[in-house]
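Report on the structure
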Amino acid sequence: MNGAENLLNTLVEAGVEVCFANPGTSEMQLVSAIGNSTGMRAVLCLFEGVVSGAADGYGRMADKPALTLLHLSSGFANSMANQHNAKRAHVPLLNMVGDHATYHLQYDAPLTADVRAHCELASAWVGVSASADQLAETGAQAVQAALQGNGQIASFIAPANHTWETASLPTEARSAPRPEKVSDQAIEAAATALRSGTATALYLGGRALRAQALQQAGQIAKASGAHLLCETFPARLQRGAGRVRVTRTPYFAEQALESLQDFRQIIMVGSKPPVSFFAYPGKPSWLLPESCATTTLASVDEDLLDALTRLAEKLGASAAADTVPAPGDIPAPTGLLTPLAIGQSLSRWMPAETIVADEANTCALSIFGSTEQAAPHDWLTLTGGAIGIGLPLALGASIACPQRKVVALQADGSAMYTLQALWSMVREQADVTVVIMNNRSYAILNIELARVGAGQPTAKTLSMLSLAKPAINWVALAQGMGMSASRADSAAEFDAQFAAAINLKGPVLIEAMVVQQMPG
């Protein structure tokens, strides 16, 4: 067999099942090997930012890496924004990046660049094969690296000639490492802090926000009086009726400072201390009170469920955790189509185990709060802060969990970054209901313009934040890519359209002409 075939066999043996691909000429042998593989699903994406965002969504839900196929340094560069988000989300992700044949590099062809340097900007591990025989070994090492801790980005570079040359040495897949357990000293330090009687919060991130870990955290909170907080943009939060409530740190620094001002101890569990997303004139970047001490129970790459379980045992926390009550009858929303009305409809119609990919931005503030009592669901957010992740994230989550409904809550401006994901959803018949929040504005930037004190805006200034001229027709865009689509102008229309979409299997888009509620 050739190097590409040997590599694909090795990756499949290692448990890699899906490849999100945007290949070029130097990857044709890899494309052929994927095409001949019975164990690797190929998902074509029309832009590399969709490739990386979809691999992120897959990794968040599958807890194992998807493979990406990217073309040279320029292809990797196009994927970088969502590579950044995946890095911040600490997901397992495996990049397979093609390069020119080794003997061709000397001619400095137009697409020649330093592929390794590009990969190193986002990756925790980078490998380059040295021969066709070594290509599969490099891929096996990359899979193992992607599964380090609770997940990270690993990239390996496949020179074109290594894919077509004969590979005589078969390569075995490597066993996946397990996250390390925290020390007894870390458990004791956290227990001592919780017994002190001081106003304390557990600050949760990573896999501490899964349902089992939250149950343990809830028992700890009940036994000690501690509060449960989490990061502003968690990678995956399991929430809803019957699950343990955790409070998200507000995005706006002023609100975050107010919410944290009474705590004197913060115990980090898979997280870092909260800081402001951006610097603002005259406002602090560090969001904890000066008198607040910090203790780390576990880092994001350690075994967070084990750490919380052992801490609960140390405290003798045996009482059941308090959970979110199931709602009574939720009335149908009426009147204007506000984010609150959208959240009400989600709570009415989302089935249990729905996956919500949230890039609704300003609209998300009300929607998130109003869906707390919805049926149990997973909430994926804009971890990393680079916009353009929502649609690809939903695509990848649906590929990882085809039996579950996915709802993509998507701001109109950031949707334009990766709208190509709609085409891939249709091609794959992904069970995704896309809700476009169309306020014809970069609404969050209108808010930030005032908050940073950039002066009185002129008409020219405001025009750079407006999406009204020309108005984007999302129904037409979706239909042009083969997706069923409709537009809702009122709360009642949206409620009916969302209920219908939820009851369908496959991709649907609703353009919600939302009446924006600007936060103070």
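Time to look at the side chain of Thr171. Within the fold, Thr171 resides in the loop between α8 (160-164) and α9 (184-195). For Thr171, the contacting residues outside a window of four places in its chain are Asn6, Thr10, Glu13, Asp133, Ala136, Glu137 and Ala140.

Now for the packing of α9 against helix α12 (residues 304-315). For any two helices packed against each other, one specifies the inter-axial angle together with the distance between the axes. Contact pair α9 / α12: the axes reach a minimum separation of 10 Å and the direction vectors enclose 55 degrees. The angle between the axes of α9 and α12 places the two elements in the oblique class. Relative to α12, the crossing made by α9 is right-handed. Side by side, α9 and α12 meet where Asp184, Ile187, Glu188, Ala190, Ala191, Leu194 and Arg195 of the first sit next to Ala307, Arg310, Leu311, Lys314 and Leu315 of the second. For the contact of α9 with α12, the per-class residue count stands at seven nonpolar, no polar and five charged.

Counted as a void, the second largest pocket has a volume near 770 Å³. Around the second largest pocket sit 31 residues that line it, and Arg88, Glu231, Lys272, Phe277 and Thr383 are the ones nearest its centre. For the lining of the second largest pocket, the secondary-structure elements that each account for two or more residues are α5 (80-89) and β12 (293-298). Here the lining of the second largest pocket is composed, by residue class, of 14 nonpolar, 13 polar and four charged.

Another aspect to go through is the pattern of salt bridges. One pass over the full model with this rule turns up 23 salt bridges. We note a salt bridge from Glu428 to Arg41, for which the minimum N-O separation is 2.8 Å. Taken together, the positions of Glu428 in helix α17 (residues 421-428) and Arg41 in strand β2 (residues 41-44) put the pair 387 residues apart, joining distant regions of the chain. Given the relative accessible area of 34%, Arg41 is considered partly exposed. Connected through salt bridges with shared partners, the residues Lys181, Asp184, Asp303, Asp306 and Arg310 form a single ionic network.

Reading the values: the criteria
Residues numbered from 1 in each chain as written. Predicted model: local features only at pLDDT ≥ 70, side-chain atom pairs only at ≥ 80, totals over all residues. Heavy atoms only, no water. Helix = DSSP H or I, 4+ residues; strand = E, 2+ residues; numbered from the N terminus. Contact = heavy atoms within 4.5 Å. Axes fitted to C-alpha atoms, helices over the stretch in contact; angles between N-to-C directions. Parallel < 35°, antiparallel > 145°, perpendicular 65-115°, else oblique. Left-handed = near helix turned anticlockwise from the far one by under 90°. Nonpolar A, V, L, I, M, F, W, Y, C, P; charged D, E, K, R; others polar. 1 Å grid on protein atoms, 1.4 Å probe; cavity = no way out; pocket = protein on both sides within 12 Å on 5 of 7 lines; lining within 4 Å. Points joined across faces, edges and corners; volume = space filled by probe spheres on them. Salt bridge = Lys/Arg side-chain N within 4 Å of Asp/Glu carboxyl O. Buried < 20%, exposed > 50% of the residue type's maximum accessible area, 1.4 Å probe, protein only.

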